[in-house]
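# Structural features, examined
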Amino acid sequence: MKVSPSLLAADFLHLDREIEMINSSEADFLHLDVMDGVFVPNISFGFPVLKGVARECRVPLDVHMMTVSPEKWISHVRDLGATIMNVHQEACLHLYSTVQHIHEAGMLAGVTLNPATPVSTLSDIIADLDLVLIMSVEPGFGGQPFIPHTIDKVKALKQLCLASGSKAMIEVDGGVNEKTGALLASAGADVLVAGSYVFGSKTPHEAILSLKNL
Ligand code: DX5
Ligand code: ZN
């Protein structure tokens, strides 16, 4: 299993310490939640903060854009040196073009689905995607309970990928811990995002390892 700890749950007063923890861990990615207070009601951090994070972080960056018009931020995300740029299906009027532009910027393209958005909405674009990020909570806040129906969505997405020959990774975000992570692993998830479970732990390296070993 790949693990992408979400910086949203970190101690923002000590980001240098938190990034050092990530650098010395088994994490595969660092998940960065960008919010605009419009697409989601909350605001997290913007690009001035992310530039500092990107300078120190040696783990590949997995950027989750929770903004309207995420296509406007493609060059900013590229300039961070990000590996993955995730945009919400619900925020993109022209999803096909946005995915092409993310690829042209040299990044892996991920499309995110809110809990009420069905997997079938991606059937005409799945072959072009490197990753699909399934939200297992409503986006915008950490620490929410996992929505159980997500397990069926992961299974449906796995079927869609197999049927279409897509190699897209399946990532899940929200309420992930050792228990929900185990269910997601058997349903076919490839990458688990975890905020509170990792950064809220007294032993974050072990929390990361416990998900990696699923
Ligand atoms: C929520 C964010 C998540 C969040 C997950 O909108 O997309 O990445 O940090 O937090 P936990 O793991 O605490 O549910
Ligand atoms: Zn996220």
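If you're wondering where the values come from, they're calculated on a predicted model, not measured in any experiment. Counting starts from 1 at the beginning of each chain's written sequence and moves along it residue by residue. All chains are assigned letters beginning at A, and all ligands numbers beginning at 1, according to the order in which they are written. The predicted origin of the model limits local features to residues at a pLDDT of at least 70 and limits the giving and counting of side-chain atom pairs to 80 or more, whereas totals for whole chains, interfaces and linings rest on all residues. Neither water nor hydrogens contribute to the side-chain values; these are computed over all heavy atoms in the structure.

### As for the overall build of the chain
- By definition, any uninterrupted DSSP run of H or I lasting at least four residues is a helix, any uninterrupted run of E lasting at least two residues is a strand, and each is numbered from the N terminus. Of regular secondary structure, the chain possesses eight helices and eight strands.
- For 214 residues, the compact-globule formula gives about 17 Å, and the C-alpha radius of gyration of the chain, at 16 Å, lands near that figure.
- Each principal axis of the C-alpha distribution contributes one length, and for the chain these read about 45 × 35 × 30 Å.
- Three labels apply to residues, based on accessible area from a 1.4 Å probe with only protein chains included: buried if under 20% of the type maximum, exposed if over 50%, partly exposed otherwise in between. When the 214 residues of the chain are sorted by exposure, 52% land in the buried category.
- Contact criterion: two residues are considered in contact whenever any of their non-hydrogen atoms come within 4.5 Å of each other. A fraction of 64% describes how many contacts in the chain between residues 6 or more apart in sequence connect residues 24 or more apart.
- Reported accessibility uses the Shrake-Rupley method at a 1.4 Å probe radius. Residues are deemed covered only where the shown protein chains occlude them. For the chain, the computed accessible surface area is about 9600 Å², with 54% contributed by carbon and sulfur atoms. The quantity called the radius of gyration is restricted to C-alpha atoms. Its globule counterpart is 2.2 Å times the number of residues to the power 0.38.

### Concerning the site of ligand 1
- Definition of nearness: a residue and a molecule or strand are near each other if at least one heavy atom of the residue lies within 4 Å of the molecule or strand. Near ligand 1 you find 19 residues, and of these Ser 6, Gly 140, Asp 173, Gly 195 and Ser 196 are the closest.
- Take His 64: an N or O atom from its side chain is 3.3 Å from an oxygen atom of ligand 1.
- Polar contacts, as counted here, are pairs of nitrogen or oxygen atoms within 3.5 Å of one another; within protein the pair requires one atom able to donate a hydrogen and one able to accept it, and residues that are adjacent in sequence qualify only if both atoms are side-chain atoms. Within the contact set of ligand 1, an oxygen atom lies 2.9 Å away from a backbone nitrogen or oxygen of Gly 143.
- Contact with the protein chains hides 99% of the accessible area of ligand 1, taken as 380 Å² for the molecule alone.
- When atoms are counted within 2 Å of each cavity's grid points, the one that captures over half of ligand 1 is the largest pocket.
- Listing elements by their share of the shell around ligand 1, those giving two or more residues are β2 (30-35), β3 (61-66) and β8 (191-194).
- Of the residues contributing to the shell around ligand 1, the split by class is seven nonpolar, ten polar and two charged. Space inside and on the surface of the protein is sampled on a 1 Å grid over the protein atoms alone, with a cavity defined as a set of points where a 1.4 Å probe fits but cannot get out and a pocket as an open set with protein on both sides within 12 Å along at least 5 of 7 lines; lining residues have an atom within 4 Å of a point. If over half the atoms of a molecule are within 2 Å of the grid points of a cavity or pocket, the molecule is regarded as sitting in it. Gly is placed with the polar residues, together with every amino acid not listed as nonpolar (Ala, Val, Leu, Ile, Met, Phe, Trp, Tyr, Cys and Pro) or charged (Asp, Glu, Lys and Arg).

### Quick word on the pairing of β2
- Judged by how many residues are buried, β2 sits mostly within the fold: six of six residues are covered.
- In β2, alternate side chains face the same way, and those of Leu 30, Leu 32 and Val 34 on one face and His 31, Asp 33 and Met 35 on the other are all buried.
- For the segment spanning β2, helix α2 (residues 47-56) and β3, crossover handedness is right-handed. Crossovers are marked right-handed if the path from the first strand over the helix to the second runs clockwise, as seen with the strands pointing away from the viewer.

### Side note on the layout of surface pockets
- Grid points are joined across faces, edges and corners, and a volume is the space filled by probe spheres set on the points. As a volume, the largest pocket reaches approximately 330 Å³.
- Among the elements of the structure, β2, β3, β8 and α7 (196-199) are those that each provide at least two residues to the lining of the largest pocket.

### Overview of the packing of helix α1 (residues 15-23) against α2
- A fitted line through C-alpha atoms represents every axis, and for helices the fit uses only the stretch in contact; the resulting angles, taken between N-to-C directions, go from 0 to 180 degrees. At a minimum axis distance of 10 Å, the contact between α1 and α2 shows a crossing angle of 40°. By the angle class used here, α1 and α2 are oblique. When you trace α1 past α2, the crossing you get is right-handed. In this structure, α1 contributes Leu 15, Ile 19 and Asn 23 to the contact, and α2 contributes Val 49, Val 53 and Glu 56.
- Across the contact of α1 with α2, the residue classes break down as four nonpolar, one polar and one charged. Note that the term roughly parallel is reserved for angles under 35 degrees, roughly antiparallel for angles over 145, roughly perpendicular for angles of 65 to 115, and oblique for everything else. If you view the pair so one helix is near and one far, a crossing is left-handed when the near helix is turned anticlockwise from the far one by less than a right angle, and right-handed when it is turned clockwise.

### Quick notes on the packing of aromatic side chains
- Centres within 6.5 Å are what make two rings of Phe, Tyr or Trp a pair, Trp counting through its six-membered ring; a difference in plane orientation under 30 degrees is then read as stacked, over 60 as edge-to-face, and the rest as tilted. On inspection of all chains with the given rule, the structure shows two aromatic pairs.
- Where Phe 12 meets Phe 45, the ring centres are 5.7 Å apart and the plane angle is 55°; that geometry is what we call tilted. You can see Phe 12 sitting in the loop between β1 (2-5) and α1 and its partner Phe 45 sitting in the loop between β2 and α2, a full 33 residues away along the chain.
- Classification of Phe 45 by relative accessible area gives buried; the value is 7%.
- With a centroid separation of 5.2 Å and an interplanar angle of 5°, the aromatic rings of Phe 47 and Trp 73 are classed as stacked. With Phe 47 in helix α2 and Trp 73 in the loop between β3 and α3 (74-79), this residue pair connects regions lying 26 residues apart in the sequence.
- Looking at Trp 73, the relative accessible area reads 32%, which means it is partly exposed.

### Concerning the coordination of the zinc ion (ligand 2)
- The donor set comprises N, O and S atoms within 2.8 Å of the metal, extended to 3.2 Å for Na, K and Ca; water molecules are omitted, so apparent gaps in a site may simply reflect that omission. Around the zinc ion (ligand 2), the donor atoms from the protein are His 31 (NE2), Asp 33 (OD), His 64 (ND1) and Asp 173 (OD), and they sit 2.0 to 2.3 Å away.
- Between 85 and 135 degrees for all angles marks four donors as tetrahedral; over 155 degrees for opposite donors together with 65 to 115 for all other angles marks four donors as square planar and six as octahedral; every other arrangement is irregular. Viewed at the metal, the six donor atoms of the zinc ion (ligand 2) are separated by angles of 70 to 168°, and the geometry they form is octahedral.

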